[in-house]
Amino acid sequence: RASFQWHSRYLGVLIGPLLIPLGLALARAGDLAVAVLVIVGVLSGPFAVPTARDAKSNAAGWVDEASDVLGRGDVVFAAISDIPLLAHYLPDGLRYATTTGPVDDPLAADWRDVVERFGRTDHVAALSPLVDTLPVGGNVVVTCPTAEEADLVGWPTFIQLEIRRCREAAHHLVGRSDLRLERAFPHPPRAGSPHETRLLTKVAAPAS
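Basis of the calculations
- One numbering rule holds for all chains: residues counted from 1, following each sequence as written.
- Totals for whole chains, interfaces and linings use all residues, but because this is a predicted model, local features are given only for residues with pLDDT of at least 70 and pairs of side-chain atoms are given and counted only at 80 or more.
- Excluding hydrogens and water, the side-chain values take into account all heavy atoms of the structure.
- Where helices and strands are cited, they refer to DSSP runs of H or I of at least four residues and of E of at least two residues respectively, numbered from the N terminus.
- Identification of polar contacts relies on pairs of N or O atoms within 3.5 Å, with a donor-acceptor requirement for protein atoms, meaning one able to donate a hydrogen and the other able to accept it, and with residues adjacent in sequence counted only if both atoms are side-chain atoms.
- Think of a nonpolar core as a cluster: buried Ala, Val, Leu, Ile, Met, Phe, Trp, Tyr and Cys residues, connected wherever their side-chain atoms sit within 4.5 Å.
- For the exposure calls, accessible area comes from a 1.4 Å probe over protein chains only, and a residue counts as buried if that area is under 20% of its type's maximum, exposed if over 50%, partly exposed in between.
- Contacts: residue pairs with any heavy atoms within 4.5 Å of one another.
- Pairs of strands are assigned from DSSP output, requiring at least two bridges between the strands.
- Looking down the strands as they point away from you, a crossover is right-handed if its path from the first strand over the helix to the second goes clockwise.
- Note that a disulfide, as used here, is simply two cysteine sulfur atoms within 2.5 Å.
- Within the patch definition used here, like charges are joined within 9 Å and nonpolar side chains (Val, Leu, Ile, Met, Phe, Trp, Tyr) within 5 Å, considering only residues with over 30% relative accessible area and no salt bridge.
- With residues, only the protein chains shown are counted as cover, and all accessible areas are computed by Shrake-Rupley using a 1.4 Å probe.
- When a carboxyl oxygen of Asp or Glu lies within 4 Å of a side-chain nitrogen of Lys or Arg, that pair is called a salt bridge.

Attention now goes to the side chain of Gln160. Mapping Gln160 onto the fold places it in helix H7 (residues 157–175). A distance of 3.2 Å separates a polar atom in the side chain of Gln160 from the backbone oxygen of Leu152.

Structure follows, in structure tokens:
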């Protein structure tokens, strides 16, 4: 099923080409150009709307705290679209995974053939090798969107699948007997896409 997705920021690609004819027109407009520039300057100045630090990114509320706890080799499990943001801000040396398994390049969100990949991968089984190789005392960060089923209506199919699989895998990780819930990180109430983030610690070797 096709889904039309649009955001006003996509218009940014048009700004550069539009500035060229606009500059030429203003250069020939004389006093009118000065008046236009004054009006634009006035309108663009005093109406800036202040935003909270956490309004853009859900990660901002917990990344600093988690960075003090996480060490080399620890595992971060998140939705595909969240991995690059987390990899940018979290410490080096972490291992990342999504519902399709370990991530080779955490600075890129790999959506290639994702629906087909969902169909041929077991998102729970894909996480087990990463967690099994953690030493006792190692950490797993689990963060997934909390959108309800009703909120997913009209979203692209691959996004719906990813969110459902993320929640299922998170439930599995939280329920593992060799992992202990250490901390739940609150997210800012004004964040546009609420997530639930938890820190788990390895407390025992995996059951054989």
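In this section: the nonpolar core. In this structure, Phe77, Leu127, Val140, Val142, Leu173, Leu179 and Leu200 are the most contacted members of the largest nonpolar core, which totals 17 residues. Elements represented by at least two residues in this core include exactly strand S1 (75–78), helix H6 (123–132), strand S4 (139–145) and H7. With four residues, H7 is the single largest residue contributor to this core. Setting aside residues up to four positions removed in sequence, Val140 forms contacts with Val75, Val131, Leu134, Leu173, Leu179, Arg198, Leu199 and Leu200.

In this section: H6. When H6 is considered as a whole, its buried residues turn out to be His123, Ala126, Leu127, Ser128, Leu130 and Val131. Where H6 begins, the capping side chain belongs to Asp122, and its oxygen is found 3.0 Å from the backbone nitrogen of Val124.

A word on the pairing of S1. Within a regular beta strand, the side chains point alternately toward one face of the sheet and then the other, so they alternate between its two faces. Here S1 shows no split at all, with Val75 and Phe77 on one side and Val76 and Ala78 on the other all buried. As judged from the three bridges shared by S1 and strand S2 (residues 95–98), these two strands associate in the parallel manner. Looking at the pairing, Val76 lines up with Tyr96 of S2. Viewed along the sheet, the connection from S1 through helix H4 (residues 83–89) into S2 turns out right-handed. Across four bridges, S1 lies against S4 in parallel orientation. Within the sheet, the bridge partner assigned to Val75 lies in S4 and is Val140.

Right, let's talk about the state of the cysteines for a bit. Under the defined criterion, the tally for this structure stands at one disulfide. The disulfide partner of Cys144 is Cys166, and the S-S distance across this bridge is 2.0 Å. Its S-S torsion of about -85° marks the bond between Cys144 and Cys166 as left-handed, since a negative value means left-handed. Here the residue Cys144 occupies a position in strand S4, and Cys166 occupies one in helix H7, the gap between them amounting to 22 residues. Residue class for Cys144 comes out buried when judged on its relative accessible area of 4%.

Taken together, the side chains of Leu11, Val13, Leu14 and Leu18 make up a nonpolar region of the molecular surface, amounting to roughly 400 Å² of accessible area. As for its placement among the helices and strands, Leu18 is situated in helix H1 (residues 12–27).

All right, on to the pattern of salt bridges then. Evaluation of the coordinates by the stated rule reveals nine salt bridges. Between Asp110 and Arg117 there is a salt bridge, and its shortest N-O distance comes to 3.6 Å. Overall, the relative accessible area of 29% leaves Asp110 in the partly exposed class. Arg164 is paired through a salt bridge with Glu149; the nearest N and O atoms lie 3.1 Å apart.

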